[in-house]
Amino acid sequence: MKEFFGIGGYQRTPEGAYSWQHLTFVGLLMAAMVVLAVWLGRRNRHRDDRAKNRVLCWAAVLIDGFELIKIALSCYNNHLDDGRWYEGILYNLPLFLCSIQLITIPLAAFSRGRIRAAALDFVAIFGLLGAVLGTVGAAQNYNAYPVLGFDNVVSGVTHCISGFAALYVFIAGLAGMKKQNIPITFGIVLAFGVAAFGVNKAADYNYMFLEQGDGTPYDILYNLVGGHPVLYPAAVILLLLVYIALFYGAYYLLTHSRKKQPVTV
């Protein structure tokens with residue numbers, strides 16, 4: 001158990017990114033994510049909003065609960081290592097794109113009105129992308145920690161909860177994807193981007209991968225702009241805004257074409 005939780009540092013050599021252990025582990029997690037989302041989404045699709053929302057409440061509690069346990073353990077390990085326990089909080093702030101779901105899933109589950117509608121859209125737009133990038137694409141995690149270690153297990157579970165929530169929102173019929181929500185969705189990304197940029201400069205960290213790609217697909221963008229300290233973070237945020245616009249556009253095209261299909265008797 002001490003080795004699983006990494007107390008005193010992991011003794012095992014990491015199996016490495018895209019090893020069979022990495023791909024098998026995240027493949028099982030993502031399979032469970034899809035099966036649960038389809039089952040619960042189809043079961044609740046024709047139920048009232050309260051029944052649909054109950055699943056999101058559980059997702060919100062679980063994703064935040066796992067994250068709080070991870071932060072507490074990180075503080076403890078840092079205290080044992082060099083006494084700087086506060087780094088467990090400083091370096092685990094919800095300022096990665098995937099970890100924004102720690103806030104938006106609870107907002108989608110427990111808030112009301114336009115805030116809830118925009119949060120549901122954000123969960124739907126970024127949840128599945130975050131699940132894929134944070135499991136299959138998380139080369140830096142699987143090069144740094146053993147596959148069956150606390151860090152990678154919790155990271156895999158929380159990213160898959162985000163993906164589950166996104167699929168569930170669509171399948172259960174909770175996604176509004178209304179045009180008036182687009183500015184709020186843009187605003188969420190911009191606000192967290194500005195906060196992440198500021199914290200990165202103050203704490204010498206890499207929230208939202210605004211400093212470098214760090215072994216993720218963002219390395220492609222980093223290399224394209226030559227690692228420019230202004231162009232690279234601006235390009236990352238612009239890419240996210242373009243992704244939001246394309247997602248809304250694809251959704252409107254698909255739903256509009258479906259409504260126009262002729263009815264056959």
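Keep in mind it's a predicted model, so treat the numbers as computed, not measured. (Residues numbered from 1 in each chain as written. Predicted model: local features only at pLDDT ≥ 70, side-chain atom pairs only at ≥ 80, totals over all residues. Heavy atoms only, no water.)

Another aspect to go through is the packing of helix 4 (residues 101–110) against helix 5 (residues 113–135). The description of two helices packed together rests on the angle between their axes and the distance between the axes. Viewed as axis vectors pointing N to C, helix 4 and helix 5 meet at an angle of 135°, and their least axial separation amounts to 8 Å. The orientation of helix 4 with respect to helix 5, classified from their angle, is oblique. At the point where helix 4 passes helix 5, the crossing takes the left-handed sense. Every residue of helix 5 that contacts helix 4 at Q101, T104, I105, L107 and A108 is listed here: I115, R116, A119, L120, F122, V123, F126 and G127. (Axes fitted to C-alpha atoms, helices over the stretch in contact; angles between N-to-C directions. Helix = DSSP H or I, 4+ residues; strand = E, 2+ residues; numbered from the N terminus. Parallel < 35°, antiparallel > 145°, perpendicular 65-115°, else oblique. Left-handed = near helix turned anticlockwise from the far one by under 90°. Contact = heavy atoms within 4.5 Å.)

In this section: a nonpolar patch on the surface. Taken together, the side chains of W58, L62 and F66 make up a nonpolar region of the molecular surface, amounting to roughly 320 Å² of accessible area. Along the chain, the position of F66 falls in helix 2 (residues 49–81). (Patch = residues over 30% accessible without salt bridge, like charges linked within 9 Å, V, L, I, M, F, W, Y side chains within 5 Å. Areas by Shrake-Rupley, 256 points an atom, 1.4 Å probe, with all protein chains shown as cover. Salt bridge = Lys/Arg side-chain N within 4 Å of Asp/Glu carboxyl O.)

Next up on the list: the confidence of the model for the protein. The predicted structure's coordinates, where accompanied by low pLDDT, should not be read in detail. Summary statistics for the protein give a mean pLDDT of 91 and a share of 97% for residues scoring 70 or more. Mean pLDDT across the elements of the protein bottoms out in helix 10 (residues 231–260) (87) and peaks in helix 1 (residues 20–44) (97). (pLDDT = per-residue confidence, 0-100.)

With 22 residues, helix 7 (residues 150–171) extends 31 Å between its outermost C-alpha atoms, agreeing within 8% with the 32 Å of an ideal straight helix rising 1.5 Å per residue. Burial analysis of helix 7 places 18 of its 22 residues in the buried class, which makes it a mostly covered element. Within two residues after helix 7, G173 carries a phi angle of roughly 80°, on the positive side. (Expected span 1.5 Å × (residues − 1). Buried < 20%, exposed > 50% of the residue type's maximum accessible area, 1.4 Å probe, protein only.)

This part takes up the packing of aromatic side chains. Under the definition given, this model contains 20 aromatic pairs. Look at W85 and Y86: their rings are 6.2 Å apart centre to centre, the planes differ by 80°, and that puts the pair in the edge-to-face class. Put simply, the rings of F122, F126, F170, Y243, F247, Y248, Y251 and Y252 touch in pairs and so form one group of aromatic residues. Sitting above the plane of the W39 ring, R43 keeps its charged end 5.5 Å from the centroid. The ring of Y252 has K179 lying over it, and the distance from NZ or CZ to the ring centre is 5.7 Å. (Phe/Tyr/Trp six-rings, centres within 6.5 Å; stacked < 30°, edge-to-face > 60°. Lys NZ or Arg CZ within 6 Å of the ring centre and 35° of its normal.)

Attention shifts here to the nonpolar core. Counting residues in hydrophobic clusters, the biggest one holds 63 residues, and the most contacted among them are L56, F126, F164, Y168, V169 and L240. Counting residues per element, the ones that place at least two in this core are helix 1, helix 2, helix 4, helix 5, helix 7, helix 8 (182–203), helix 9 (218–224) and helix 10. Residues within four places of L240 in sequence aside, it is in contact with L97, F126, V189, M208 and Y218. (Core = buried A, V, L, I, M, F, W, Y, C linked by side-chain atoms within 4.5 Å.)

This part is about unusual backbone geometry. Despite not being glycine, Y18 shows a phi value in the positive range, around 65°. Within the secondary structure, Y18 sits in the segment before helix 1. For Y18, a relative accessible area of 45% puts it in the partly exposed group.

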